[in-house]
Amino acid sequence: MDKRLLTIQDISCVGQCSLTVALPVISACGIETAVLPSSVLSNHTAKGFSGWTFRDLTEDMSPILERWKTEKITFDAFYTGYVSKAQIPYILKIMKETAREGAVKIVDPVMADNGKLYAGFDTDFPEEMKKLCSAADVIMPNITEASLLLNKEYKADNYDQSYVEDLLKGLYSLGPQNVILTGVSFENSRLGIACYDGKKIDYYFSERIPVSMHGTGDAFASACAGALLRGKSLFQAASIAADFVLESIKNTVNDKDHWYGVKFEKALPYLIYRLGQN
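Cut-offs and rules
- Within each chain, residue numbers correspond to sequence positions counted from 1 in written order.
- The predicted origin of the model limits local features to residues at a pLDDT of at least 70 and limits the giving and counting of side-chain atom pairs to 80 or more, whereas totals for whole chains, interfaces and linings rest on all residues.
- Remark: hydrogens and water are excluded; side-chain values derive from all non-hydrogen atoms of the structure.
- Salt bridge, as used here: a side-chain nitrogen of Lys or Arg that lies within 4 Å of a carboxyl oxygen of Asp or Glu.
- Under the scheme used here, helices are H or I runs from DSSP no shorter than 4 residues and strands are E runs no shorter than 2 residues, and both carry numbers assigned from the N terminus.
- Here the term buried applies to any residue with accessible area under 20% of the maximum for its type, exposed to any over 50%, and partly exposed to those in between, with areas from a 1.4 Å probe on protein chains only.
- Residues belong to one nonpolar core when they are buried, are Ala, Val, Leu, Ile, Met, Phe, Trp, Tyr or Cys, and are joined through side-chain atoms within 4.5 Å.
- We call two residues contacting when some pair of their heavy atoms lies within 4.5 Å.
- A fitted line through C-alpha atoms represents every axis, and for helices the fit uses only the stretch in contact; the resulting angles, taken between N-to-C directions, go from 0 to 180 degrees.
- An angle counts as roughly parallel when it lies under 35 degrees, as roughly antiparallel when it exceeds 145, as roughly perpendicular when it falls between 65 and 115, and as oblique in every other case.
- Two helices crossing with the near one rotated counterclockwise from the far one by less than a right angle form a left-handed crossing, whereas a clockwise rotation gives a right-handed crossing.
- Residues are grouped as follows: Ala, Val, Leu, Ile, Met, Phe, Trp, Tyr, Cys and Pro are nonpolar; Asp, Glu, Lys and Arg are charged; all remaining types, including Gly, are polar.

K.L.:
Explain the pattern of salt bridges residue by residue, including any values.
P.N.:
Applying the stated criterion to the full structure yields 14 salt bridges. A salt bridge links K85 to D124; the shortest N-O distance between them is 2.9 Å. Taken together, the residues span a long stretch of sequence, with K85 in the loop between β4 (75-80) and α3 (88-98) and D124 in the loop between β7 (116-117) and α4 (125-134) at a distance of 39 residues. Residue classification places K85 among the partly exposed residues on the basis of a relative accessible area of 30%. Classification of D124 as partly exposed rests on a relative accessible area of 36%. Here K152 and D166 are joined by a salt bridge, their closest N and O atoms 3.3 Å apart. Placement of K152 in the loop between α5 (143-150) and α6 (161-173) and of D166 in helix α6 is noted, with a sequence separation of 14 residues between them. On the basis of relative accessibility, which here comes to 37%, the residue D166 falls in the partly exposed class. By sharing partners, the salt bridges in this structure join E66, K69, K93 and E97 into a single network.

Quick look at the structure:
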């Protein structure tokens, strides 16, 4: 039977992020991708747009779950992105009641960057997100999210390997089986990830392009989830995803009119090629 993944996160109709990234990227990995939108926005909320519409879909989650149970719809994997505090109990219930044997639970605890929570999240949100992380097989926070989950000092730069490894071990102690920490850098020209499975820490670094682009975290998490479902190891999947993001940025950086996201579509052939390599 082909594998089926359910991704639960918002859909920004324009802006190359969240579900508009997850669905095509994971599908390109050869994985059947089902979606459960947590909310619908006209466009993403990052700098560049002057405003947006927003509709919360929490009340739809229970009836959708009941319909799936009636239809005996189940999943081999779950991947969560941007969700609200009120939705976390529903998501845990969905995971419990629609999981196939051995289902993989992947959580991207989307809530913060650059040292602060996203607008709309209360200060108690990290405590609620811990509940989702503790039920996961893989979590993939950035350094800001890691520091909030652990109530530790956030360091934007000038940190050392011991700081990163302390974060990794703290995150692992929350309950997930594997941790991928994104946005790790020990030198200005290199950017990468750190993986921890409770036994060994592995690093992967690639070229840093000195720009900030919206949606790169979603592109990374989606490619990583797809690669994991294709049978890649945690480190292989994270490395492929990091390189996919780099290719996406390279395809975007010279187009000054394309400020709202990355052209991940141009990098999909590269992702497919990498997934085919042993």
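K.L.:
Describe the nonpolar core, and please don't skip the residues or the numbers.
P.N.:
If you look at the biggest cluster of nonpolar residues, it comprises 44 residues, and the most contacted ones within it are I180, F220, F244 and L271. Those elements that provide at least two residues to this core are α1 (19-28), β4, β10 (190-196), α7 (216-229), α8 (234-250) and α9 (264-275). With 10 residues, the single largest contributor to this core is α8. Those residues in contact with L271 that lie beyond four places of it in its chain are V25, C29, A223, I240 and F244. Counting 40 residues, the second largest nonpolar core, distinct from the first, contains C133, Y159, Y163 and L181.

K.L.:
I'd like a rundown of the packing of α8 against α9, residues and numbers included.
P.N.:
Following both chains from N to C, one finds α8 and α9 inclined at 150°, their axes separated by 8 Å at the closest point. Taken as axis vectors, α8 and α9 run roughly antiparallel relative to one another. Relative to α9, the crossing made by α8 is right-handed. Of the residues in α9, those in contact with S239, I240, D243, F244, E247 and S248 of α8 are F264, A267, L268, Y270, L271, R274 and L275. Along the lines of polarity and charge, the residues of the contact of α8 with α9 split into eight nonpolar, two polar and three charged.

Everything listed here is a matter of coordinates, which is why it stays silent on function.
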